[in-house]
Structure formats: structure tokens, C-alpha cells
Amino acid sequence: MSEFEVRLAERRDLEVLMEIERTQFPEPWTQGMMLDELNRTDTRRYTVCTESGVVVGYLGVMFTDDGMHINSIGVVTGHERRGIARTLMDECWTDLAQRGITRAALEVAVSNAPAIALYYSYGFAPVGIRKNYYQATKEDALVLVAEFPSTLA
Ligand SMILES: CC(C)(COP(=O)(O)OP(=O)(O)OC[C@H]1O[C@@H](n2cnc3c(N)ncnc32)[C@H](O)[C@@H]1OP(=O)(O)O)[C@@H](O)C(=O)NCCC(=O)NCCS
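Below is a summary of the structure that appears in this document. Quick caveat, the model's predicted, so the values are computed rather than measured.

## So, the overall build of the protein
Along the backbone of the protein there are four helices and seven strands. In sequence order, the secondary structure elements of the protein are arranged as β-α-α-β-β-β-α-β-α-β-β. The C-alpha radius of gyration of the protein comes to 15 Å, within 12% of the 15 Å expected for a compact globule of 153 residues. Along the first, second and third principal axes, the C-alpha set of the protein runs to 45 × 35 × 35 Å. Classification of the 153 residues of the protein by burial places 25% in the buried group. A separation of at least 24 residues holds for 57% of the contacts in the protein among residues at least 6 apart in sequence.

Shown next, in the form of C-alpha cells:
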């Protein structure tokens, strides 16, 4: 049985987050972009999933005027399909409920079947397409939105 834990991401996680970026994304963020994301703790919440203390995945969200936006999620190459993304999403959803956030949005490449399946399982549904959203691949993005009832009294 896996022993995944979730904690807030820190500066010391930068190297493994960049490894995930470089190996998992066709258009990886630069180290400067990632560091900027980690530092903007007023509007961002970045978490890592660890297994025996080793980072195996991360999730980054941004708080917006009308809810939350998923900026990025990725797992270390070779660790896919072990429940890491689900562990991160579950922890995030608990945090959203505590904040009273009731709407989440994101963009995902139309060909990214694993990510789309993950998001659909959290209640996301398509609301539009952004043409040529990804510069490197010229691929379109699917815009997904999830709305959920507030659990705050
Ligand atoms: C998308 C990604 C984050 C999923 O992470 P993961 O840890 O492998 O996902 P999990 O094991 O927690 O699976 C959760 C759910 O996602 C879906 N899923 C994940 N991988 C899938 C695959 N290869 N095919 C179909 N569905 C998949 C399933 O619904 C799965 O639930 P299930 O196992 O109960 O069927 C991972 O594949 C990844 O890092 N991809 C590259 C980066 C990326 O594309 N990020 C998204 C950018 S928008």
C-alpha cells in the first residue's frame, strides 16, 4: 500500500518540479517561471505529493476572482497511474471546501486523454475551446469548468 503524503511546495522542491516539467510537458515552464509561481503565495497554492519523503508529483492552483484555476499538475515520469494525481486533487478539494470556493477552471490539450479523464472524474465539463493555445504544438485547449456546492454554512 502506498504511503503518499501532501504538503505545501517549497523552494527546495524546485529541482524535482523542473524535472517533471522537462519530462512531462511539451511546453515546459522555465525555472524562473516556476520559482515565480512558488513565490506568489498570495494567489497561488502549490503542493507536492511525497512517498517516503521523496517528491513524486505536484499540483499548482491559482485563486481567481470567481474561484480557482488549475495551473499545472504532473507526476514524476514512471510514477503514472499510481494515484498520485488523485491524492493531490483530493487534498486540494478539501482545501477548496474550507475556503468556500465553488468554481474551478483549467485548460488542457485536447489530446491529453489521461488528464481529461482525471478532470472529468472531479466533475469538470467542457465549456469551450481555445484555438492554438499551446505555442509549441499549435494544439487547441479544451476549457473545463467544475462547479460544486459550498460546504460552508
Ligand atoms: C495527468 C497526470 C497528472 C495523471 O497523474 P496520475 O498520478 O497518473 O493519475 P492517477 O493515478 O491519480 O489517476 C487518477 C485518474 O486519472 C485518470 N487517468 C490517469 N492516467 C490515465 C490514463 N493513462 N488513461 C486514462 N485515464 C487516466 C483516471 O481517471 C484515473 O483514475 P482511475 O485510476 O481510478 O481510473 C499524469 O499522467 C501526468 O503527469 N501527465 C503529464 C502532465 C500533464 O499532462 N498534466 C496535465 C496538464 S493539464
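## Describing the sheet that holds strand β2 (residues 44–51)
A sheet is described by the order of its strands in space; here seven strands give the open sequence β1-β2-β3-β4-β5-β7-β6, paired in mixed fashion. Two strands in the sheet have a free side with no partner beyond their single neighbour: β1 (4–8) and β6 (125–134). Within this sheet the neighbouring strands show an average axis-to-axis angle of 25°, counted without direction. Of the pairings in the sheet, the one linking β2 to strand β3 (residues 54–64) comprises eight bridges and is antiparallel in character. Bridge pairing links E51 to V54 in β3. Contacting β1, β2, β3 and β4 (67–75), helix α3 (residues 84–99) crosses the sheet at an angle of about 35° to β3.

## A closer look at α3
With 16 residues, α3 should reach 22 Å at 1.5 Å per residue; the first-to-last C-alpha distance of 23 Å fits that figure. Every buried residue belonging to α3 is among I84, A85, T87, L88, C92 and L96, and all of these are buried. Packed against the buried residues of α3 are β1, β2, β3, β4 and α4 (113–120). Positive phi shows up at G100, right after α3, with a value of about 75°.

## Concerning unusual backbone geometry
Even without a glycine there, the phi angle at N132 is positive, about 50°. Along the chain, N132 turns up in strand β6.

## Comments concerning the pairing of β6
For β6, the buried fraction is low: zero of the 10 residues fall into the buried class. Here β6 folds back onto strand β7 (residues 139–147), and the loop between the two strands holds four residues, one of which, K138, carries a positive phi near 60°.

## Some words on the site of the ligand
With respect to spatial proximity, 21 residues lie near the ligand, and among them A85, R86, P114, A117 and L118 are the closest. Where the shell around the ligand is concerned, the elements lending two or more residues are β4, α3 and α4. The greatest single-element share of the shell around the ligand, amounting to five residues, is contributed by α4. Partitioned by chemical class, the residues of the shell around the ligand number 11 nonpolar, six polar and four charged.

## A look at the nonpolar core
The biggest cluster of nonpolar side chains holds 32 residues, and the ones touching the most others in it are Y58 and L88. Of all the elements in the fold, those that place two or more residues in this core are α1 (14–24), β2, β3, β4, α3, β5 (103–109) and β7. When near neighbours in sequence (up to four residues on either side) are disregarded, Y58 contacts A9, L17, I20, Y46, T47, V48 and G74.

Analysis parameters
Residues numbered from 1 in each chain as written. Predicted model: local features only at pLDDT ≥ 70, side-chain atom pairs only at ≥ 80, totals over all residues. Helix = DSSP H or I, 4+ residues; strand = E, 2+ residues; numbered from the N terminus. Rg over C-alpha atoms; globule rule 2.2 N^0.38 Å. Buried ≥ 20, exposed ≤ 12 C-beta atoms within 10 Å, placed from the backbone. Contact = placed C-beta atoms within 7 Å. Pairing = 2+ DSSP bridges. Axes fitted to C-alpha atoms, helices over the stretch in contact; angles between N-to-C directions. Expected span 1.5 Å × (residues − 1). Near = placed C-beta within 6 Å. Nonpolar A, V, L, I, M, F, W, Y, C, P; charged D, E, K, R; others polar. Core = buried A, V, L, I, M, F, W, Y, C linked by C-beta atoms within 7 Å.

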